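Listed below are the residues making up each chain.
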Amino acid sequence: MKYCSNCASILTIKIPADDSRERHVCEACGSIHYQNPRNVVGSIPVYGKQVLLCRRAIEPRHGFWTLPAGFMELGESTSHGAARETLEEAGAAVEIGPLYSLLNVPHAEQVHLFYLATMANPEFSAGEESLEVALFHEHEIPWEELAFPTVKQTLEWFFADRAAGNLDAGKEFHVRSRDVLPSERI
């Protein structure tokens, strides 16, 4: 049972006037309580030819490796959130570049956005949500220990694009995007 955050009345599910989807509606005060996807923002921190990954200290997927990322906060842009998450989880200050990948995860009610990012130096440290943080060359990536399909897909695209020269300075590239299916598991 859900309650209205305005008047504490019980919410009902119905299609409001001028809408086409069922929503949580408060019959007492008329408020519509929208539920929308959450944005997960992160970066692909690069130092030289290496990528920085974090081993998760939290669930879900405790102990698995991931790119530094987390939920976007109110009042920040997606790129600012990606830089903040990289600093919080990996202790790394990065220069955020362009948006690289956008992955829709409808079954988890999320959208994952990863930005290209450059580390000026190899200084990093594990934050509260990371057990450890390390730089990896492509052949060193712990592919079987990656936490999420969105991270695996982003890294696969990144290394393929880098090898093909698609990420060279001055070269235009298109944001990589696709939907992640509920059946996809690592």
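Computed from a prediction, not measured in an experiment: that's the story for all the values here. (Residues numbered from 1 in each chain as written. Predicted model: local features only at pLDDT ≥ 70, side-chain atom pairs only at ≥ 80, totals over all residues. Heavy atoms only, no water.)

1. Some remarks on the nonpolar core
Counting 23 residues, the largest nonpolar core has Ile-44, Val-51, Leu-53, Leu-67, Leu-155 and Phe-158 as its most contacted members. Sorting the residues of this core by element identifies strand S4 (38-47), strand S5 (50-56), strand S8 (94-105), strand S9 (110-119), strand S10 (130-136) and helix H2 (149-163) as the ones contributing at least two each. Looking at which element gives the most residues to this core, the answer is H2, with 5 residues. With sequence-adjacent residues up to four places away left out, Ile-44 is seen in contact with Val-51, Leu-67, Tyr-100, Phe-114, Tyr-115, Leu-116, Ala-117, Thr-154 and Phe-158. Formed by 9 residues, the second largest nonpolar core is a distinct cluster that contains Cys-54, Ala-92, Val-94 and Leu-135. (Core = buried A, V, L, I, M, F, W, Y, C linked by side-chain atoms within 4.5 Å. Buried < 20%, exposed > 50% of the residue type's maximum accessible area, 1.4 Å probe, protein only. Helix = DSSP H or I, 4+ residues; strand = E, 2+ residues; numbered from the N terminus. Contact = heavy atoms within 4.5 Å.)

2. Section: the sheet that holds strand S1 (residues 11-14)
Remark on secondary structure: sheet strands pair via backbone hydrogen bonds, oriented parallel or antiparallel. Taken in spatial order, the 3 strands line up as S1-S2-S3 in an open sheet, and their pairing is antiparallel. The strands lining the two open edges of the sheet, one partner per strand, are S1 and strand S3 (32-33). Of the pairings in the sheet, the one linking S1 to strand S2 (residues 23-26) comprises 4 bridges and is antiparallel in character. Across the sheet, Thr-12 pairs through a bridge with Val-25, a residue of S2. (Pairing = 2+ DSSP bridges.)

3. Quick notes on the packing of aromatic side chains
Given two aromatic rings, their pairing is described by the distance between the two centres and the angle made by the two planes. For the coordinates displayed, the defined rule picks out 5 aromatic pairs. Arranged with centres 5.1 Å apart and planes meeting at 85°, the rings of Trp-65 and Phe-136 form a pair that is edge-to-face. Of this pair, Trp-65 sits in strand S6 (residues 65-66) while Phe-136 sits in strand S10, and the two are 71 residues apart along the sequence. Across this residue pair, the class does not change: Trp-65 and Phe-136 are buried. With centroids separated by 5.3 Å and ring planes inclined at 70°, the aromatic side chains of Phe-158 and Phe-159 adopt a geometry described as edge-to-face. Residue Phe-158 is classed as buried on the basis of its relative accessible area, which comes to 3%. Three or more aromatic residues joined by ring pairs form one cluster here, namely Tyr-100, Trp-143, Phe-158, Phe-159 and Phe-173. (Phe/Tyr/Trp six-rings, centres within 6.5 Å; stacked < 30°, edge-to-face > 60°.)

4. A word on the pattern of salt bridges
Summed over the entire model, instances satisfying the criterion amount to 10 salt bridges. The residue Arg-55 makes a salt bridge to Glu-145 at a minimum N-O spacing of 3.5 Å. Here Arg-55, found in strand S5, pairs with Glu-145, found in the loop between S10 and H2; they are 90 residues apart in sequence, far enough to count as distant. Owing to a relative accessible area of 34%, Glu-145 belongs among the partly exposed residues under this scheme. When the shortest N-O distance is used, the salt bridge between Arg-176 and Asp-161 registers 2.9 Å. Taken together, the residues span a long stretch of sequence, with Arg-176 in strand S11 (residues 176-179) and Asp-161 in helix H2 at a distance of 15 residues. Classification of Arg-176 as partly exposed rests on a relative accessible area of 27%. Residues joined in a network through salt bridges with shared partners are Glu-76, Arg-84, Glu-85 and Glu-88. (Salt bridge = Lys/Arg side-chain N within 4 Å of Asp/Glu carboxyl O.)

5. Remarks on unusual backbone geometry
With omega at 0°, the peptide bond leading from Glu-59 into Pro-60 counts as cis. Relative to the elements of secondary structure, Pro-60 occurs in the loop between S5 and S6. Of note, the phi angle at Ala-8 is positive, near 70°, even though the residue is not glycine. On the accessibility criterion, Ala-8 (54% relative accessible area) is exposed.

6. Some thoughts on the environment of His-24
Tracing the backbone shows His-24 in strand S2. The exposure class assigned to His-24 is buried, which follows from its relative accessible area of 14%. Other than its neighbours up to four places away in sequence, His-24 contacts Lys-2, Leu-11, Thr-12, Ile-13, Ser-31, Ile-32, His-33 and Gln-35.

Geometric descriptors of this kind do not, in isolation, establish any biological role.
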